[in-house]
Amino acid sequence: MQRAKDMAAKQREELLRALKARFEKNMNRHKGLEWAKVQARLEANAGKLWSLNEMERTGGEPDIVGHDEKTGEYIFYDCSVESPKGRRSVCYDREGQESRKEHRPENNAIDMAASMGIELLTEEQYRELQKLGNFDLKTSSWIKTPSAIRKLGGALFCDRRYDNVFVYHNGAPSYYAARGFRGSLRV
């Protein structure tokens, strides 16, 4: 797997170009922020740039949804209309994945997110995202599940139907072609 230091200059330039175009196209997600400041912070954080590239590579279409005034960090979420295509058909976590006797998927949301250097969205973050547009109208996304639910074998996911955001439960070993996960990254 390619890491931050291995990202070629051309690849970094392509990613920055894509992020800038998305930033400019969706100013409603980040009113009052300036791309030049964002780009400077991105260029100073090669590891985070690599994580954003992984978000992009797997279909997440990352974009800025907030700015932490205290830390100066920009907050990116996956803003693809549907759950990122390159992260679907996965169980919630490794325990769920390994508990499957047959038809075990290749990966799980928690391990994939960790390998990408991102976090699964929480329910609160997912609801914040949905205020910025209509996401997951045909798909669903695993969200960070409280440990009390996970200890009982469950995991949570969300989607948007009937102009409302719904939170559901499933067994952590379950996986579906239309369910992936969305991530967040602070840069």
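Structure first, text after, so check above.
The numbering scheme is per chain: residues are counted from 1 as the chain's sequence reads. Two thresholds apply to this predicted model, a pLDDT of at least 70 for residue-level local features and 80 or more for giving and counting side-chain atom pairs, whereas whole-chain, interface and lining totals are computed over all residues. Based on all heavy atoms of the structure, the side-chain values leave hydrogens and waters out of the count.

### Some remarks on the overall build of the chain
Within the chain, the regular secondary structure consists of seven helices and eight strands. Atoms counted for the radius of gyration: C-alpha only. Globule rule: 2.2 Å times the number of residues to the power 0.38. Here the C-alpha radius of gyration of the chain, 16 Å, is about what a compact globule of 187 residues would show, namely 16 Å. When the backbone C-alpha atoms are referred to their principal axes, the chain occupies close to 50 × 40 × 30 Å. Only protein chains enter the accessibility calculation, which uses a 1.4 Å probe; a residue is then buried when its area is under 20% of its type maximum, exposed when over 50%, and partly exposed in between. By residue count, 47% of the 187 residues in the chain fall in the buried class. The contact rule is simple, with two residues in contact once any of their heavy atoms fall within 4.5 Å. Counting contacts in the chain only where the partners sit at least 6 residues apart, residues at least 24 apart contribute 62% of the total. Per-residue and other accessible areas follow the Shrake-Rupley method at a 1.4 Å probe size, with only the shown protein chains counted as cover for residues. Within the structure as shown, the chain displays about 9900 Å² of accessible surface, and the carbon and sulfur contribution to it stands at 49%. Treating the 33 positive side-chain charges of the chain as one cloud and the 28 negative ones as another, the clouds have centres 1 Å apart. Each helix is a run of DSSP H or I of at least 4 residues and each strand a run of E of at least 2, with the numbering of both proceeding from the N terminus. Neither His nor the chain termini are counted; the positive set is Lys and Arg, and the negative set is Asp and Glu. Charged side chains are reduced to one point each, which is NZ for Lys, CZ for Arg, CG for Asp and CD for Glu.

### What about the sheet that holds strand 6 (residues 164-171)?
DSSP bridges decide pairing: two strands pair if at least two such bridges lie between them. Pairing within the open sheet is mixed, and its four strands lie in the order 6-5-4-7. In this open sheet, the two edge strands, each paired with only one partner strand, are strand 6 and strand 7 (179-181). Across the sheet, the mean angle from the axis of one strand to that of its neighbour is 35°, orientation sign disregarded. Pairing of strand 4 (residues 140-143) with strand 7 involves three bridges; the strand directions are parallel. Its bridge partner lying in strand 7, S141 is registered against G180. Axis lines are fitted through C-alpha atoms, for helices just across the contact stretch, and the angle between N-to-C directions can take any value from 0 to 180 degrees. Strands strand 4, strand 5 (154-161) and strand 6 of the sheet are contacted by helix 6 (residues 123-130), whose axis makes an angle of about 145° with strand 6.

### Focus: the pairing of strand 2 (residues 74-78)
Most of strand 2 is tucked away, with five of its five residues classed as buried. A two-sided burial pattern is seen for strand 2, the buried positions comprising Y74, F76 and D78 on one face and I75 and Y77 on the other. From the end of strand 1 (residues 62-67) to the start of strand 2, which pair antiparallel, there are six residues, and G72 there has a positive phi angle of about 80°. The pairing of strand 2 with strand 8 (residues 183-186) spans three bridges and is antiparallel. Across the sheet, residue F76 finds its bridge partner in strand 8, namely L185.

### Some points on the sheet that holds strand 1
Remark on secondary structure: sheet strands pair via backbone hydrogen bonds, oriented parallel or antiparallel. Within the open sheet, the four strands sit side by side as 1-2-8-3. Their pairing is antiparallel. On the outer flanks of this sheet lie strand 1 and strand 3 (119-120), each paired with one strand and no other. Examined bridge by bridge, strand 3 and strand 8 share two bridges and lie antiparallel to one another. For L120, the partnering residue across the bridge sits in strand 8 and is G183. Contacts from helix 3 (residues 46-57) reach strand 1, strand 2 and strand 8, with the element oriented near 160° to strand 8.

### Concerning the nonpolar core
Across soluble globular proteins, you tend to see nonpolar side chains buried next to one another. Side-chain atoms within 4.5 Å link the members of a nonpolar core, which is a set of buried Ala, Val, Leu, Ile, Met, Phe, Trp, Tyr and Cys residues. With 31 residues, the main nonpolar core has V38, L42, L52, F76, W142 and F181 as its most contacted residues. Breaking this core down by element, the ones donating at least two residues are helix 1 (9-25), helix 2 (35-43), helix 3, strand 2, helix 5 (109-116) and strand 5. V65, I75, Y126 and C158 belong to the second-largest nonpolar core, a separate cluster that totals twelve residues.

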